[in-house]
Amino acid sequence: MASIEVIYEDNHLLVINKAAGMPSQEDNTQDLDVITAAKAYLKEKYQKPGNVFCGLVHRLDRPVSGLMVLAKTSKAAARLQKQFVSKDVLKQYHCVVKGYPSVGLYEDTLLKDKKTNTTFVSKNGKLAQLNVVDVVFVDGYSLCTIQLLTGRSHQIRVQMASRNLPIINDHRYNKDAKVGHDIALFASRLSFTHPTTKQQCNFTLSLPTTYPWDLFSKL
């Protein structure tokens, strides 16, 4: 089977745990991306001879791992995309930062430089909002539970870094990131309405056990 970890599947949805370092969709690196891998998985599992549909309805940054939902039909894709646009989806992340962030609403205006694929705070940017709903402190590090309210490029990474709270091992926004280590940002929970049954779908994943997540494993 193709190299994706499937958490849930039915006739309309595919929920996966995206691996760190895998792009959400094809880019100029030619590296295996989520959509290509998912199509290969579906093609092999169901022995389909022709093209396979798999719709991307939201993205995770390449370095970020965790929950993603993909659509197996065009109808499901359209309905799920509508939920993401209208902010009817609960997107929860965990991250580890050095320092002591406060709980509450973080609000900025962010602008993306497409040439450098870098986002920064700018008065000319678009509104970015997230809620830090819980913080646990251990030896100068903080494990943050974040609910993402908008979907700007690199949003959590930039909003934390702009407050001098860069995410551990974020090689783009943290000058102290260590080579060979994955970013400490993980999509841990995803809740949405099923596009056909209208039932509430709730998915959660346990946090990684590698550094720096292991600092909090005994709590």
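Here's a quick rundown of the structure. (Residues numbered from 1 in each chain as written. Predicted model: local features only at pLDDT ≥ 70, side-chain atom pairs only at ≥ 80, totals over all residues. Heavy atoms only, no water.)

## A few points about the side chain of Asp10
For Asp10, the location among the structural elements is in the loop between β1 (5-9) and β2 (13-18). Comment: no salt bridge for buried Asp10; closest opposite-charge side chain is Lys72, at 6.0 Å. Within the structure, Asp10 has its side chain in polar contact with the backbone nitrogen of His12 (distance 2.7 Å). At 2.7 Å, the side chain of Asp10 and the backbone nitrogen of Leu13 are in polar contact. (Helix = DSSP H or I, 4+ residues; strand = E, 2+ residues; numbered from the N terminus. Buried < 20%, exposed > 50% of the residue type's maximum accessible area, 1.4 Å probe, protein only. Lys, Arg positive; Asp, Glu negative; His and termini not counted. Salt bridge = Lys/Arg side-chain N within 4 Å of Asp/Glu carboxyl O. Polar contact = N/O pair within 3.5 Å; in protein donor to acceptor, adjacent residues only side chain to side chain.)

## Comments concerning the packing of aromatic side chains
Counted according to the given criterion, the structure contains 4 aromatic pairs. A centroid spacing of 6.4 Å and a plane angle of 70 degrees characterise the contact between Phe186 and Trp213, whose relative ring orientation is edge-to-face. Of this pair, Phe186 sits in strand β10 (residues 185-193) while Trp213 sits in the segment after β11 (200-204); the two residues are 27 residues apart in sequence, bridging distant segments of the chain. Here Phe186 matches Trp213 in class, with each residue buried. (Phe/Tyr/Trp six-rings, centres within 6.5 Å; stacked < 30°, edge-to-face > 60°.)

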